[in-house]
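A look at the structure
The primary structure of each chain is shown beneath.
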Amino acid sequence: MKERKEVLDYGMTLPDVYQDAPFHDDNWILLRYKKNKKAFAWTYERNGHMCVNVKVSPEWRDFWRNAYEAIHPGYHQNKEHWNTIILDGSVPDEEIKRMIAESYDLVVKKRY
């Protein structure tokens, strides 16, 4: 994945999801779970690359950061619970989808 549309299209296949632009800034488009309004994917362009922030379990956080150079602590978010994926083509699509789905699962479990 290299484009925001790919992330958003995949995220919208998950149940009860909607897109949001809470900052009135077209650079930031989020995917949220309808029932609790929690965001699980934050898309934005930074330093010439499209990025997506995903929620991550602390036990997986460092695994992903060590597995790929394009995965960093979450930009503008809690570094313990969020990772940033730079969409430069170096992380396989299936891995990105897995991280988005895991992020979704984490926010679905949150109370309303």
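Now for a description of the structure that goes with this document. (Residues numbered from 1 in each chain as written. Predicted model: local features only at pLDDT ≥ 70, side-chain atom pairs only at ≥ 80, totals over all residues. Heavy atoms only, no water.)

1. Structural notes on the overall build of the protein
- Helix and strand counts for the protein come out as three helices and six strands.
- In the protein, the succession of helices and strands from N to C terminus is α-β-β-β-β-α-β-β-α.
- With the C-alpha coordinates of the protein rotated into their principal frame, the extents come out at 35 × 30 × 25 Å.
- Taking all 112 residues of the protein together, 46% fall into the buried category.
- As presented, the protein carries roughly 6400 Å² of accessible surface, and 47% of it is formed by carbon and sulfur atoms.
- The averaged location of the 18 negative side-chain charges in the protein is 8 Å from the averaged location of its 18 positive side-chain charges. (Helix = DSSP H or I, 4+ residues; strand = E, 2+ residues; numbered from the N terminus. Buried < 20%, exposed > 50% of the residue type's maximum accessible area, 1.4 Å probe, protein only. Areas by Shrake-Rupley, 256 points an atom, 1.4 Å probe, with all protein chains shown as cover. Lys, Arg positive; Asp, Glu negative; His and termini not counted. Charge placed at Lys NZ, Arg CZ, Asp CG, Glu CD.)

2. Looking at the pattern of salt bridges
- Considering all chains together, one arrives at six salt bridges under this definition.
- Among the salt bridges present, the one from aspartate 16 reaches lysine 35, with a minimum N-O distance of 3.8 Å. Linking aspartate 16 in the loop between helix H1 (4-11) and strand S1 (17-20) with lysine 35 in the loop between strand S2 (29-33) and strand S3 (39-46), this pair joins segments that are 19 residues apart in sequence.
- Relative accessible area serves as the criterion here: at 48%, lysine 35 is assigned to the partly exposed category.
- Notably, a salt bridge pairs arginine 32 with aspartate 20, separated by 2.7 Å at the nearest N-O pair. Linking arginine 32 in strand S2 with aspartate 20 in strand S1, this pair joins segments that are 12 residues apart in sequence. (Salt bridge = Lys/Arg side-chain N within 4 Å of Asp/Glu carboxyl O.)

3. Some words on helix H2 (residues 58-67)
- The set of residues buried in H2 consists of Arg61, Trp64 and Arg65. Around the axis of H2, the buried residues are gathered within 100 degrees of arc, so they sit on the same side. Within H2, the exposed residues directed more than 90 degrees away from the buried face are Glu59 and Asn66.
- Where H2 is buried, its residues meet strand S5 (71-73), strand S6 (82-86) and helix H3 (93-108). (Arc of directions from axis to C-beta. Contact = heavy atoms within 4.5 Å.)

4. Considering H3
- In this model, H3 (16 residues) spans 22 Å end to end at C-alpha, consistent with the 22 Å of a helix rising 1.5 Å per residue.
- Listed in full, the buried residues belonging to H3 are Ile96, Met99, Ile100, Ala101, Ser103, Tyr104 and Val107. (Expected span 1.5 Å × (residues − 1).)

5. What to know about the environment of asparagine 47
- Within the secondary structure layout, asparagine 47 lies in the loop between S3 and strand S4 (49-55).
- Judged by its relative accessible area of 66%, asparagine 47 falls in the exposed class.
- For the pair formed by asparagine 47 and isoleucine 86, sequence separation is 39 residues and the distance between their alpha carbons is 10.0 Å.

6. Section: the sheet that holds S4
- Pairing is antiparallel across the open sheet formed by six strands, whose spatial order is S1-S2-S3-S4-S6-S5. Whereas interior strands pair on both sides, the edge strands pair on one side only; in this sheet they are S1 and S5. Within this sheet the neighbouring strands show an average axis-to-axis angle of 25 degrees, counted without direction.
- Sheet analysis places S3 next to S4, joined by six bridges and oriented antiparallel. In the sheet register, arginine 46 faces S4, and the bridge partner there is histidine 49.
- Its contacts with the sheet put H3 on S1, S2, S3, S4, S5 and S6, and the angle it makes with S4 is roughly 40 degrees. (Pairing = 2+ DSSP bridges. Axes fitted to C-alpha atoms, helices over the stretch in contact; angles between N-to-C directions.)

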